[in-house]
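Structural overview
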Amino acid sequence: DELVSDLNDEDVEVLGYVSPYITDVSEKENVRRNLFEEARENGYLVEQDGEVFMLPITDFSAGVVDLTNPEARDWIRDVIDQNLLGNGFRGWMADFGEGLPFEAELHDKTVDATSYHNRYVVDWAEVNREAVEEANRDDAVFFTRSGFTRSPAHSTLFWTGDQFVSWDDRDGFQTSVRALLTSGVSGISLNHFDSGG
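The shown structure was predicted, so the numbers you read here are calculated from the model rather than taken from an experiment.

A few points about the environment of S61
- Tracing the backbone shows S61 in strand β6 (residues 60-64).
- In this structure the C-alpha to C-alpha distance between S61 and H154, which are 93 residues apart in sequence, comes to 28 Å.
- Those residues in contact with S61 that lie beyond four places of it in its chain are T23, M54, L55 and P56.

What follows is the structure, encoded as structure tokens:
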């Protein structure tokens with residue numbers, strides 16, 4: 001609990017992490033707050049056939065926060081405020097957002113998941129920006145790895161995602177340079193990538 005504060009005292013700013021994909025941690029030990037259970041109980045996750053849609057991600061699955069639900073948006077914004085801004089983090093990676101399942105059933109029944117898919121990443125950046133603004137933290141920064149045409153209006157920075165640790169032109173260093181150049185031409189001027197993959 002004191003790590004970020006101790007680092008801040010040494011003039012070290014700390015970045016954290018947040019994602020709209022929430023994993024069930026009920027089987028884990030020493031869990032103070034199970035966000036998945038909170039979200040599930042309140043209907044804040046996208047569904048399929050009346051059940052939480054569990055999105056497979058590598059070797060685990062996660063529920064996806066339904067950003068068409070105003071209460072879910074408020075809830076995840078509060079999570080960001082309490083767990084990141086409230087704990088002294090200067091910024092964070094606002095990861096994922098790009099994987100809203102096309103088969104998902106959303107809170108807003110007038111919205112189809114297929115047509116909302118690209119808008120979801122914009123809303124995810126917007127929720128993060130709202131958390132920063134509500135906390136009056138104009139010194140905070142967050143970066144996203146997914147976006148659409150309106151994302152630059154909300155995200156403070158972008159990141160090109162995970163590339164291979166190679167000079168490969170399929171998903172290595174060459175693709176990072178290409179991504180930076182083309183994103184700049186497309187209006188995403190503040191972008192970065194991992195130098196080590």
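Some details on the pairing of strand β8 (residues 141-144)
- The sheet contact formed by strand β7 (residues 91-94) and β8 spans four bridges and is parallel. Within the sheet, the bridge partner assigned to A94 lies in β8 and is T144.
- In terms of handedness, the path from β7 via helix α4 (residues 113-134) over to β8 forms a crossover that is right-handed.
- Where β8 and strand β9 (residues 157-159) come together, two bridges link them in parallel fashion. By the bridge assignment for β9, F143 is matched with L157.

Quick look at helix α5 (residues 173-185)
- Spanning 13 residues, α5 covers 19 Å between terminal C-alpha atoms, matching the ideal 18 Å at 1.5 Å per step.
- For α5, every residue scored as buried is listed here: T175, S176 and S183. The buried residues of α5 all sit within an arc of 100° when viewed along its axis, so they share a single face. Residues of α5 that are exposed and point more than 90 degrees away from the buried face comprise L181 and V185.
- Where α5 is buried, its residues contact β10 (191-192).
- A positive phi of about 100° marks G187, the residue just after α5.

As for the sheet that holds strand β2 (residues 21-22)
- Pairing within the open sheet is antiparallel, and its three strands lie in the order β2-β6-β5. Across the chains shown, the open sheet's two edge strands, defined by having one partner strand only, are β2 and β5 (55-57).
- Looking at chain direction, β2 and β6 are connected through two bridges and run antiparallel. Following the sheet pairing, Y21 is matched in β6 by V64.

Here's the deal with the nonpolar core
- Core analysis: the largest hydrophobic core is formed by 41 residues, its most contacted members being V65, L67, W75, I76, I80, W92 and L100.
- Those elements giving two or more residues to this core turn out to be β2, α2 (35-42), β5, β6, α3 (70-83), β7 and α4.
- In terms of residues, this core owes the most to one element, α4, which gives seven residues.
- Contacts of W75, omitting those with residues within four sequence positions, involve R33, L35, E38, A39, Y44 and V65.

So, the packing of aromatic side chains
- Overall, the coordinates contain seven aromatic pairs when judged by the stated rule.
- Relative to F142, the ring of W92 lies with its centre 5.9 Å away and its plane at 10°, an arrangement referred to as stacked. Separated by 50 residues along the polypeptide, W92 in strand β7 and F142 in strand β8 bring together distant segments of the chain. Accessibility assignment for this pair places W92 and F142 in one class, buried.

Remarks on the sheet that holds β8
- Pairing within the open sheet is parallel, and its five strands lie in the order β1-β7-β8-β9-β10. Single-partner strands in this sheet number two, and they are β1 (15-18) and β10.

What counts, and at which threshold
- Residues numbered from 1 in each chain as written.
- Predicted model: local features only at pLDDT ≥ 70, side-chain atom pairs only at ≥ 80, totals over all residues.
- Heavy atoms only, no water.
- Helix = DSSP H or I, 4+ residues; strand = E, 2+ residues; numbered from the N terminus.
- Contact = heavy atoms within 4.5 Å.
- Pairing = 2+ DSSP bridges.
- Right-handed = clockwise from strand over helix to strand, strands pointing away.
- Expected span 1.5 Å × (residues − 1).
- Buried < 20%, exposed > 50% of the residue type's maximum accessible area, 1.4 Å probe, protein only.
- Arc of directions from axis to C-beta.
- Core = buried A, V, L, I, M, F, W, Y, C linked by side-chain atoms within 4.5 Å.
- Phe/Tyr/Trp six-rings, centres within 6.5 Å; stacked < 30°, edge-to-face > 60°.

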